[in-house]
Each structure stands twice: as structure tokens, then as C-alpha cells.
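Notes for the structure review
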Amino acid sequence: MSDTLGTDAAYGRRSQGTSGAGGPSAPPAPPRAASRRRGRAKMRLEIAVLSAPAILVFLAFVIFPVALAAYYGFYRWHGYGAPTDWVGLNNYRLILTDPAFQQVLKHSFMIMGLSLVIQGPLAIGLALLLNQKIRGRSVIRVLIFVPYIISEVIVGTGWSLMAQSDGAINDLLAHIGLGALQADWLSDPKLAIWTLMAIITWKYIGFAVILMLAGLQSIPEELFEAAAIDGASYWQIQRRITLPLLGPTIRIWAFLSIIGSLQLFDLVYIIWGQYVSGTAGTSTMAIYMLAQGRNAGNYGYGSAIAVVMFLISLVVALIYQRFVLRRDLRGAVTEGAVG
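Quantities reported herein were computed from a predicted structural model and do not represent experimental measurements.

Here is what the cut-offs are and how they apply
Residues numbered from 1 in each chain as written. Predicted model: local features only at pLDDT ≥ 70, side-chain atom pairs only at ≥ 80, totals over all residues. Heavy atoms only, no water. Helix = DSSP H or I, 4+ residues; strand = E, 2+ residues; numbered from the N terminus. Buried < 20%, exposed > 50% of the residue type's maximum accessible area, 1.4 Å probe, protein only. Contact = heavy atoms within 4.5 Å. Core = buried A, V, L, I, M, F, W, Y, C linked by side-chain atoms within 4.5 Å. Patch = residues over 30% accessible without salt bridge, like charges linked within 9 Å, V, L, I, M, F, W, Y side chains within 5 Å. Areas by Shrake-Rupley, 256 points an atom, 1.4 Å probe, with all protein chains shown as cover. Salt bridge = Lys/Arg side-chain N within 4 Å of Asp/Glu carboxyl O. Lys, Arg positive; Asp, Glu negative; His and termini not counted. Charge placed at Lys NZ, Arg CZ, Asp CG, Glu CD. Phe/Tyr/Trp six-rings, centres within 6.5 Å; stacked < 30°, edge-to-face > 60°. Lys NZ or Arg CZ within 6 Å of the ring centre and 35° of its normal. pLDDT = per-residue confidence, 0-100. Expected span 1.5 Å × (residues − 1). Polar contact = N/O pair within 3.5 Å; in protein donor to acceptor, adjacent residues only side chain to side chain. Axes fitted to C-alpha atoms, helices over the stretch in contact; angles between N-to-C directions. Parallel < 35°, antiparallel > 145°, perpendicular 65-115°, else oblique. Left-handed = near helix turned anticlockwise from the far one by under 90°. Nonpolar A, V, L, I, M, F, W, Y, C, P; charged D, E, K, R; others polar.

Some details on the overall build of the chain
Along the backbone of the chain there are 15 helices and zero strands. Of all 339 residues assigned to the chain, the portion counted as buried reaches 32%. Put simply, 65% of the contacts in the chain that link residues at least 6 apart link residues at least 24 apart.

A few points about the nonpolar core
In this structure, Ile 95, Phe 101, Val 209, Met 212 and Met 285 are the most contacted members of the largest nonpolar core, which totals 41 residues. Contributions of two or more residues to this core are made by helix H3 (90-97), helix H4 (99-130), helix H8 (189-217), helix H9 (221-229), helix H10 (234-262), helix H13 (285-294) and helix H14 (299-323). For this core, the leading source of residues is H14, giving nine residues. Residues contacting Val 209, with those up to four places away along its chain left out, are Ala 123, Leu 126, Ala 127, Leu 130 and Ile 144.

Describing a positive patch on the surface
A surface patch of like charges, here positive, comprises Arg 32, Arg 36, Arg 37, Arg 38, Arg 40 and Arg 44. Counting through the fold element by element, Arg 44 comes out in helix H2 (residues 32-72).

Section: the packing of aromatic side chains
Enumeration according to the criterion identifies 16 aromatic pairs in this entry. Taking 6.2 Å as the distance between ring centres and 70° as the angle between the ring planes, the aromatic pair formed by Tyr 148 and Tyr 204 counts as edge-to-face. In this pair, Tyr 148 is assigned in helix H5 (residues 137-149) and Tyr 204 in helix H8, connecting sequence segments 56 residues apart. Overall, Tyr 204 belongs to the partly exposed group, its relative accessible area being 22%. Relative to Trp 202, the ring of Trp 159 has its centre 5.7 Å away and its plane inclined at 70°; by these criteria the two rings are edge-to-face. Of this pair, Trp 159 sits in helix H6 (residues 152-162) while Trp 202 sits in helix H8; the two residues are 43 residues apart in sequence, bridging distant segments of the chain. Residue classification places Trp 202 among the partly exposed residues on the basis of a relative accessible area of 35%. Among the aromatic residues, those joined into a ring-pair cluster are Tyr 71, Tyr 72, Phe 74, Tyr 75, Trp 77, Trp 86, Tyr 92 and Tyr 299. One cation-aromatic arrangement involves Arg 322 over Phe 323; the distance from NZ or CZ to the ring centre is 5.4 Å.

Some points on the pattern of salt bridges
In total, this model carries two salt bridges according to the counting rule given. The closest approach of N and O atoms between Arg 76 and Asp 85, which form a salt bridge, is 2.9 Å. By relative accessible area, which is 39% here, Arg 76 ends up partly exposed. The exposure class assigned to Asp 85 is partly exposed, which follows from its relative accessible area of 34%.

Things to note about a nonpolar patch on the surface
Where nonpolar side chains cluster on the molecular surface, the patch consists of Ile 55, Leu 56, Phe 58, Leu 59 and Ile 63 and spans about 470 Å² of accessible area. Residue placement: Phe 58 occurs in helix H2.

Notes on the environment of Asp 328
Tracing the backbone through its elements, the reader meets Asp 328 in helix H15 (residues 326-338). Separated by 80 residues in sequence, Asp 328 and Pro 248 have C-alpha atoms that sit 6.6 Å apart.

Details of the confidence of the model for the chain
Overall, the predicted model of the chain reaches an average pLDDT of 85, with 88% of residues at or above 70. Every residue in residues 1-23 is under pLDDT 50, and counting partners more than four places away or in other chains gives four contacts.

Some thoughts on the environment of Val 87
Structurally, the position occupied by Val 87 is in the loop between H2 and H3. A relative accessible area of 17% places Val 87 in the buried class. For Val 87 and Phe 74, which are 13 residues apart along the polypeptide, the C-alpha to C-alpha distance reads 5.6 Å. The contacts of Val 87, once residues within four sequence positions are left out, are Phe 74, Tyr 75 and Arg 76.

Notes on H4
An α-helix turns once per 3.6 residues; consequently, residues spaced three or four apart project the same way. Compared with the 46 Å implied by 1.5 Å per residue over 32 residues, the 45 Å span of H4 between its first and last C-alpha is a close match. Here H4 starts with a cap whose side-chain oxygen sits 3.2 Å from the backbone nitrogen of Ala 100, and that cap is Asp 98.

Description of the side chain of Thr 242
Residue position: Thr 242 is located in helix H10. With residues near it in sequence (within four places) discarded, Thr 242 still touches Leu 128, Leu 216, Ile 219, Phe 224 and Ile 237.

Digging into the packing of H2 against H14
Packed helices, taken two at a time, are described by their axes: the angle between them and the distance between them. Between H2 and H14, the least distance of the axes is 7 Å, while the angle of their chain directions is 130°. Comparing the axis directions of H2 and H14 gives the class oblique. The two elements H2 and H14 cross, and the hand of that crossing is left-handed. Residue-level inspection shows Val 66, Ala 69, Ala 70 and Tyr 72 of H2 in contact with H14, the latter providing Gly 300, Ser 303, Val 307 and Phe 310. Each residue belonging to the contact of H2 with H14 can be placed in one class, and the counts come to six nonpolar, two polar and no charged.

Structure follows, in C-alpha cells:
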């Protein structure tokens, strides 16, 4: 009996020594929380280092000029020396009540709407055509895209010469027996806006077609084959499959077209100038800024116009993102979170 008790006591002492501080213990659990914190800190550092150059460029060439223009917009300033003639919100009040600004604002939104209505369907149709296996489609793609890469100065100068009263367009109409269609394409207010839209469409349709072609080529071919086997016609396939799957590309193109239309300047200035554009009905907010700001020697007022243009473009972009691009952005964020 005593031997048994001694054995149990010795076993108890050995057990205590093993589990005590002096003996070997079980390996500690890995510090998962600390590891995750270090991983997140490393990821934030990498993001900061990689995005810092782009952020600095954005601050230097976008945010700082906008802030400086907003500052000058509170003064009556002639472009030299320090601004001292404080006018407060008077410049902005004058912009919003000026009938000329209201007119150019109307022109800008008209150009925006017509660009979407004309270029969108035309680009989709050309993309569907050029996505087919037809002879010479590579050459046609190049010819459609070439105007987009030509300088706006060259395009504006060439079209201004051809569309004059004694230019190539009227001369061509006379030679082919359509002299009754000759018109003042640049100065007539009823025709000038359509002349501008024709030039804009010719210039920028190539970019839209390239985007649409990229979107079409990302659609799996098996979907079209399955729909054809089920008896769907060509137009049913385009309506039920192509257009819905092409939706993200169309929405991105529309966003770029909207912002570009609101900031349109170069073609209008080169073809019509700041004076003729007003009477022809093609003036834009950027043309108004140039005429009332730099050319009038009132840089404070011109800076205020620039700020108003920026705010209008920003509001339009935010509204478009909120109600149109929300679905696409949510999908991108979800995919990033899952990955």
C-alpha cells in the first residue's frame, strides 16, 4: 500500500514538473491578430508609396489651380500684381445672372445631348458591323479612327476652309447639281450647330467605335451560338444579349462624352472664334470664359467662370456616377473585396 502511494506521489511530482515553468510547455498559439495588423500596415504603406506621385501631380495641376482660381474669383483683378480689389461673390452673382452665360450654358448642354444621341447609336452600329468578318475591316477601322488622332487645330482649320460660303462643300454641291443645297454652314444660326455636330461626330466617332469594339470582343461567343441554336434572330441577339452586356462600355463612353462636351473649346474657337460663335449659336462656356476673362482683361471674372465650369462638370459627374455608374462601380468594389 505504501509503495502504491509513493508511486502516485512521484508521478504527481513528475506531472507538476512537466507542466510547471521549469519543464517543457506546449508551443504558444501564433499571434494572428498582430500578423494581420502588420499585413494591413504593410499594404497601406505600399498603397501610399505607389499612389503618392499621382496624388502630388493631381494636387499640383488640378486642386491647386482650382483653389487659386476660386481665390482670384473674389477679386476684380487684371492679371498682374497682387489682387486687392475685393468684390466677394459679385463675380459669381454676375455670372449666374448674365443672359450671355445662360445662352452658352444652353449651347453646352445641347452639344452634350446631341453628342450622346448622334454618336452613341452610330458608334454601336459601326462596331457591330466591324465586329463581323468582312473584307477590309482592318482598313475601315483605321480610317474611322484616324480623325481622332489628328490635331484639333488641323481639323478646325480644314473644316473652316471647306465650310465657308465659297468653300469646297458648296463648290462640290454646285458641281454635282445640288446647288440649291448651298448654304452658309458656319454663320447661319439654324445650321451652325449642326455643322459643329457633324464635325464633332467625324472627329470623335473613332474613339467611341474602338471602345465599343473592345466591349464586343469581351462578350463570350458561346452566348451568341446558344441563342442562335435556340432560334433567336440576329436583332433579338443584339437586343437581348449584346446591348445588355455592352452596357458598362456604353456608360463609360457616355461619361467621357458628357465631360468633353461641357468643356468643349478648341474646335469652336478655331472654326468660329469668340465673336462669330456667339451669333452663330455655337459658343460654349469655355469660349465665354476666354472672351469675358483674358480678352476683356478681367482675370478675376474669368477665374470665377472657370470655377463655375468646374462645379457644373463636377455636379454632372457626381450625378451620373450616383445614378448611372453606381451598378458598375458596386460590381468593381465587390470583386475587389472578394479578391
